[in-house]
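# Secondary and tertiary structure notes
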Amino acid sequence: MAMKLCIFFMCLLFSTPRSSSSSQWTVQVRNHLKRLNKPPVKSIKSPDGDIIDCVHIYDQPALDHPSLRNHTIEVTTFSMRPSVYPGGPLGYMELEKGSKSFTQLWQLNGRCPQGTIPIRRISKEDILRASSIERFGMKKPNTIPHTSPTDIGPKENGHEYSIAYITGNGAKYYGAKGSLNVWKPIIQEPVEFSLAQTWVVAGPVDIGKLNSIESGWQVYPAQYGDNNPRVFIYWTKMNIRQSDGYQSKGCYNLMCPGFVQVSHEIALGSQILPISEYGGSQFDIQVNIWKDQNQGNWWLQYGNGEPLGYWPGSLFTFLADSATLIEWGGEIVNKQTGGQHTTTQMGSGHFPGEFFHKAAFFRNLKYVDNSNVLRDPQGLATFVKQSPNCYDVKKYRGGPWEYYFYYGGPGRNPNCP
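Summary of the structure given here. (Residues numbered from 1 in each chain as written. Predicted model: local features only at pLDDT ≥ 70, side-chain atom pairs only at ≥ 80, totals over all residues. Heavy atoms only, no water.)

## Examining the nonpolar core
Judged by nonpolar contacts, the single largest core of 87 residues is most densely connected at W217, Y302 and W311. Beyond its immediate stretch of four places on either side in the chain, W311 contacts I213, E214, I233, Y234, W235, F259, N297, W298, L300 and F316. In this structure, Y165, L210, L325 and F383 belong to the second largest nonpolar core, which totals eight residues. (Core = buried A, V, L, I, M, F, W, Y, C linked by side-chain atoms within 4.5 Å. Buried < 20%, exposed > 50% of the residue type's maximum accessible area, 1.4 Å probe, protein only. Contact = heavy atoms within 4.5 Å.)

## Quick word on the pairing of strand 14 (residues 282-291)
Judged by how many residues are buried, strand 14 sits mostly within the fold: ten of ten residues are covered. Along strand 14, one buried face is formed by Q282, D284, Q286, N288 and W290 and the opposite face, lined by F283, I285, V287, I289 and K291, is buried too. Relative to strand 14, strand 7 (residues 175-181) runs antiparallel, the two sharing seven bridges. By the bridge assignment, G178 is partnered in strand 14 with V287. The pairing of strand 14 with strand 15 (residues 298-302) spans five bridges and is antiparallel. In the strand pairing of strand 15, K291 is matched with W298. Between strand 14 and the antiparallel strand that follows it, strand 15, lie six residues; G296 among them carries a positive phi value of about 90°. (Helix = DSSP H or I, 4+ residues; strand = E, 2+ residues; numbered from the N terminus. Pairing = 2+ DSSP bridges.)

## Looking at the sheet that holds strand 1 (residues 42-45)
Taken in spatial order, the three strands line up as 1-2-5 in an open sheet, and their pairing is antiparallel. Of all strands in the sheet, those bounded by a partner on one side alone are strand 1 and strand 5 (116-120). Neighbour-to-neighbour, the strand axes of this sheet turn through a mean angle of 25°, independent of strand direction. Pairing of strand 1 with strand 2 (residues 51-56) involves four bridges; the strand directions are antiparallel. Its bridge partner lying in strand 2, K42 is registered against C54. (Axes fitted to C-alpha atoms, helices over the stretch in contact; angles between N-to-C directions.)

## Considering the packing of aromatic side chains
Any two aromatic rings considered together are summarised by their centre-to-centre distance and by the angle between their planes. As enumerated under the stated definition, the model contains 23 aromatic pairs in all. Ring centres 6.2 Å apart and planes at 70° place the aromatic pair Y396 and Y406 in the edge-to-face group. With Y396 in strand 21 (residues 392-397) and Y406 in strand 22 (residues 403-408), this pair connects stretches of sequence that are ten residues apart. By relative accessible area, which is 6% here, Y406 ends up buried. Among the aromatic side chains, those forming a connected cluster through ring pairs are F355, F356, F361, Y396, W401, Y404 and Y406. (Phe/Tyr/Trp six-rings, centres within 6.5 Å; stacked < 30°, edge-to-face > 60°.)

## A few points about empty space enclosed by the protein
Overall, the coordinates contain two cavities of 30 Å³ or more when judged by the stated rule. Considering only residue class, the lining of the largest cavity consists of seven nonpolar, two polar and one charged. (1 Å grid on protein atoms, 1.4 Å probe; cavity = no way out; pocket = protein on both sides within 12 Å on 5 of 7 lines; lining within 4 Å. Points joined across faces, edges and corners; volume = space filled by probe spheres on them. Nonpolar A, V, L, I, M, F, W, Y, C, P; charged D, E, K, R; others polar.)

## Quick word on the state of the cysteines
Following the criterion strictly, the structure yields three disulfides and no others. The disulfide partner of C54 is C112, and the S-S distance across this bridge is 2.1 Å. Judged by the sign of its S-S torsion, about -80°, the cystine formed by C54 and C112 is left-handed. One end of the pair, C54, is in strand 2; the other, C112, is in the loop between strand 4 (103-104) and strand 5, with 58 residues separating them in the sequence. The burial state of C54 is the same as that of C112; both residues are buried. With a sulfur-sulfur separation of 2.0 Å, C390 is cross-linked through a disulfide to C416. Around the S-S axis, the bridge from C390 to C416 shows a dihedral of about 95° and counts as right-handed. In this pair, C390 sits in the loop between strand 20 (381-384) and strand 21 while C416 sits in the segment after strand 22, placing the two residues 26 residues apart along the sequence. Its relative accessible area of 4% is what places C390 among the buried residues. (Disulfide = S-S within 2.5 Å.)

## Quick look at the side chain of D53
By the element assignment, D53 lies in strand 2. Judged by its relative accessible area of 3%, D53 is buried. Among the polar contacts listed, one links the side chain of D53 to the side chain of S43, at a separation of 2.7 Å. Polar contacts involving the side chain of D53 include one to the side chain of R121, which spans 2.7 Å. Apart from residues lying up to four places away in sequence, D53 is in contact with P40, K42, S43, I117, P118, I119 and R121. (Polar contact = N/O pair within 3.5 Å; in protein donor to acceptor, adjacent residues only side chain to side chain.)

## Description of the pattern of salt bridges
Using the criterion set out here, one finds 15 salt bridges in the structure. One salt bridge connects D64 with K38, and the closest N-O pair in it is separated by 2.6 Å. You can see D64 sitting in the loop between strand 2 and strand 3 (99-100) and its partner K38 sitting in the loop between helix 1 (2-36) and strand 1, a full 26 residues away along the chain. Bridged by salt links that share partners, the residues D48, D50, R120, D126, R129, D226 and R230 form one connected network. (Salt bridge = Lys/Arg side-chain N within 4 Å of Asp/Glu carboxyl O.)

## Some details on the side chain of N228
Structurally, N228 is set in the loop between helix 3 (221-224) and strand 10 (230-236). Looking at N228, the relative accessible area reads 15%, which means it is buried. A polar side-chain atom of N228 sits 3.3 Å from a polar atom in the side chain of K184. Beyond its immediate stretch of four places on either side in the chain, N228 contacts K184, Q218, V219 and Q271.

If you want it as C-alpha cells, here you go:
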C-alpha cells in the first residue's frame, strides 16, 4: 500500500507541471485566436471546409496596429478607391485564347455584404502546424531572393527561386504588374511550399533591413492544411527596436495587423478556382501593386476587379518612398529530406522549354515610374538559385505578351540529385 501511495504521489508530482504548461499553452492559443478571429456579421462555410467570416470593415485586424489605431478608412458606400491609378489600363487583362480569370471556392456558398471584408477563420489546428505561436503566419528570416553574387546576406534557408527582375543604381519603382497562371504543384513535405508571386522590395540587403510587399498564389500544407493553391499576400516592415528583413515582423494575409482590406469579394488565404491543366486550359491572376503617391499607400488589385486593399505608407521605412527592386517568379522550400533535393515542384512541375499549356508563365510585365506611368521592364534579367537542372527560367519579348517568361521544374530528377 505504501509503495502504491509513493508511486501515486510521484506521478502527481511529474504530471502537474506538464498539465500546468499545457493549460498555459491552451490559454495562449485561445487568446491568439481571439485576436485573429474578429466577430463576424455573417459566416460562410466553403466546400473545402474553410470558414469565411464576413467582418465589419472597421473591425478588421489591420486597425489593431499601434500606428493605425486612429486610421480612417475613406469609404464611399464602403468601397474605397485610391486617389490615383497608374497611367494606362492597369485593370485590363488581355486574355490569351483558353486563358481565364479566377474565382474562389467559398464564393460558391455565398458572398459577404457591402461594408464587410471576408476573412478566412484561423483554427486551433492551423496554429498547431506552426513552429510556435509567435512565428505563426511568418516566414523564416532572409527569404528575399538575392539576385546578384555581390549581394551580402545570410543564406536563404533552403529557399530556391526561378525569377525575373529589374533593378539598378538609383532606380525607383512605384509599382509592378504581371499575370501569372495558377497551378497545383506537388509538395513533398508539409513544411515545404511552392509559390508564384510578385515582390516589391526596398532596403539594403547586406544589413537585413529589407521592406517587401508580395502577392500571388501558394501551395503550403503546413500553413493551410491542404495541397490546394491559395491567393496570398506577404509583407515585412521595420521594427522600432530592430531591423526586420523577415527577422522580426511581417506576416501572411491578415494574420497580423497592417494590411487594410477594403474589398468584400476576395478572402486572402482561400482556395483559387479553377487551376491550369497540363496541355489544356490556362487560368491566370493579374497582380497589380502600385503606390498612390498622393496618399502614400501601396495598393493591391487582382485583374480588373475592385482594389483589394492597401498597405499604409506609415508601416514602412524604405518603402515609405519607393521600391528599388521588382521581382516576378517562383519560389520553393527545399528541406533536403534524406540528404536529397526535394521533389517539390515549382510552377507546373515542368521546365520552361515546354512553353504554353505546359509550363508556368508570367506575362505582360510592367512597372510604374515616378510619373505614375506603366513602363516596360527594360533591362529585365533572370536569376536561378541552385541548379537550372532542378528549376529554370527563360525570358522572352514580343507579341501580345510583350515582356514575359516561363519558369519552374520538377525538383529532384536524374540531373538534380
